Amino acid sequence: MGRIPKIILATLAFIVLFYGALALMPKKEITYMDDKTLREYALSHGLAPVPTTYEALLKVTDNPQNPLSREKIALGKKLFFETALSYDRTINCASCHILEDGGDDNLPTAIGFDGQANPFHLNSPTVLNAALAKAQFWDGRAKDVEEQAGGPIQAPFEMHMTPELAVERIAENPEYQKAFEVLFEDGLTFANIKNAIGAYERTLLTRGAYDRFLEGDDTALNDAAKRGMNLFIQKGCKGCHTGMSVGGQSIQQFPLRRSVSDIFKSEPFPFPNTGGFLGKDGMKKFRVPILRNITKTAPYFHNGEVKDLKEAIRIMSKYQIGEEFTPEQIEDVVAFFKSLEGEVVQYWY
């Protein structure tokens, strides 16, 4: 066997030294805050409770280009469950976004028209609290829920429709026709079908124990959840998973870090690259997932390759934060995530 070129040896030495130095860097110590301090810190660093009233909801999710009204929301709800918006009249928005079970479909990848799977094996993101996000889809290509609503309807592997056929189908129902004439100046159009569905989705916000804690109820979280919240904030998770939605506010690279053992692996992710999707512009950049109700939305990551929440937390701590959490820390974070479970607030009834 020939000699190994010096440049390769030098590169290997640099890699080992670099990652070795990272491993030896002191870990950030956690100062467990009391309830009042933890709450104040969270509220002053971008985290916030979901509103409880319709009037407060309007201040958070109303869209000036598509103003909310109770009548428009009610129309959007009907369309969200309307199977006429799929080519074979068997699929609706709720097929992949089950509101009673986390707002997704709990499948590794979405299954649509004629049993087709998503060609990139993409996992269905939750629709719950999606209106709070600054971008939609895994690559953030849609700016809001109105734009996003038109994607699955037109996708050949999802609902398999054209805008023209969607309008034709909805026009078959005189009640729909009348409602669009009353609510929109230009009546029934594909854009207004999207606007109506988007209006309904803007009300799909959830509240739970986490919100009650932020509003002053010290008993809303147990000790494990409070430890997990401390970890989440102080280890840096909240840097990306922020806002009222606890995520969805930015596009970030994943993975951000790699260990020495990963350097020579061909996989771009710390799990199988099923589907070959590489995020926005193929640069391994993804919209940060919303963590509200995360305990109900397995499997995890863009291609649904990770089935266990604890493993997802371990991966994120290692590859995004750069400090792999201990099993005990992971248990505490799971407890905190359970506090992010919630029920849809009945704003407009």
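Reading the values: rules and limits
- Residues numbered from 1 in each chain as written.
- Predicted model: local features only at pLDDT ≥ 70, side-chain atom pairs only at ≥ 80, totals over all residues.
- Heavy atoms only, no water.
- Buried < 20%, exposed > 50% of the residue type's maximum accessible area, 1.4 Å probe, protein only.
- Helix = DSSP H or I, 4+ residues; strand = E, 2+ residues; numbered from the N terminus.
- Contact = heavy atoms within 4.5 Å.
- Polar contact = N/O pair within 3.5 Å; in protein donor to acceptor, adjacent residues only side chain to side chain.
- Salt bridge = Lys/Arg side-chain N within 4 Å of Asp/Glu carboxyl O.
- pLDDT = per-residue confidence, 0-100.
- Phe/Tyr/Trp six-rings, centres within 6.5 Å; stacked < 30°, edge-to-face > 60°.
- Core = buried A, V, L, I, M, F, W, Y, C linked by side-chain atoms within 4.5 Å.
- Axes fitted to C-alpha atoms, helices over the stretch in contact; angles between N-to-C directions.
- Parallel < 35°, antiparallel > 145°, perpendicular 65-115°, else oblique.
- Left-handed = near helix turned anticlockwise from the far one by under 90°.

1. Some remarks on helix 6 (residues 145–154)
Consideration 1: Burial analysis of helix 6 places 7 of its 10 residues in the buried class, the great majority of the element.
Consideration 2: Where helix 6 is concerned, the buried positions are V145, E146, Q148, A149, G150, P152 and I153.
Consideration 3: Looking at the buried residues of helix 6, the elements they touch are helix 7 (163–171) and helix 9 (190–201).
Consideration 4: At the N-terminal end of helix 6, a side-chain oxygen is found 3.3 Å from the backbone nitrogen of E146, two or three residues along, and the residue is D144.

2. Points about the pattern of salt bridges
Consideration 1: Overall, the coordinates contain 14 salt bridges when judged by the stated rule.
Consideration 2: A salt bridge links R89 to E172, with the nearest nitrogen and oxygen atoms 3.2 Å apart. Here R89 is found in the loop between helix 4 (70–80) and helix 5 (93–96), whereas its partner E172 is found in the loop between helix 7 and helix 8 (174–183), with 83 residues between them in sequence.
Consideration 3: By relative accessible area, which is 40% here, R89 ends up partly exposed.
Consideration 4: A salt bridge links E147 to K143, with the nearest nitrogen and oxygen atoms 3.6 Å apart.

3. Points about the confidence of the model for the chain
Consideration 1: Taken as a whole, the chain shows an average pLDDT of 93; of its residues, 91% reach a score of 70 or greater.
Consideration 2: Long-range and interchain partners of residues 11–24, a stretch whose pLDDT sits below 50, account for 6 contacts in this model, where long-range means more than four residues apart.

4. Regarding the side chain of Q329
Consideration 1: Topologically, Q329 is positioned in helix 13 (residues 327–339).
Consideration 2: Separated by 2.9 Å, the side chain of Q329 and the backbone nitrogen of T326 make a polar contact.

5. Brief notes about the packing of aromatic side chains
Consideration 1: Scanning all chains against the criterion turns up 16 aromatic pairs.
Consideration 2: Judged by centre distance (5.2 Å) and plane angle (70°), the rings of F80 and F81 are edge-to-face.
Consideration 3: Judged by relative accessible area, which is 0%, F80 ranks as buried.
Consideration 4: Given a relative accessible area of 37%, F81 falls into the partly exposed group.
Consideration 5: With centroids separated by 5.6 Å and ring planes inclined at 25°, the aromatic side chains of F180 and F184 adopt a geometry described as stacked. F184 matches F180 in its accessibility class, with the two residues each being buried.
Consideration 6: Here the aromatic residues F120, F254, F269, F271, F277, F286 and F301 are joined through ring pairs into a cluster of three or more.

6. Describing the nonpolar core
Consideration 1: Core analysis: the largest hydrophobic core is formed by 44 residues, its most contacted members being Y210, M229, F232, F301, I313 and F337.
Consideration 2: Looking at this core, the elements that each hand over two or more residues are helix 2 (35–44), helix 10 (209–214), helix 11 (223–234), helix 12 (309–321) and helix 13.
Consideration 3: Listed in part, the 38 residues of the second largest apolar core include Y54, I91, Y200 and V345.

7. Some points on the packing of helix 12 against helix 13
Consideration 1: Where helix 12 meets helix 13, the closest approach of the two axes is 10 Å, and the angle between their N-to-C directions is 115°. In terms of orientation, helix 12 and helix 13 fall into the roughly perpendicular class. Considering the relative orientation of helix 12 and helix 13, their crossing is right-handed. Where helix 12 abuts helix 13, its residues L309, K310, I313 and R314 lie against I330, E331, V333, V334 and F337.

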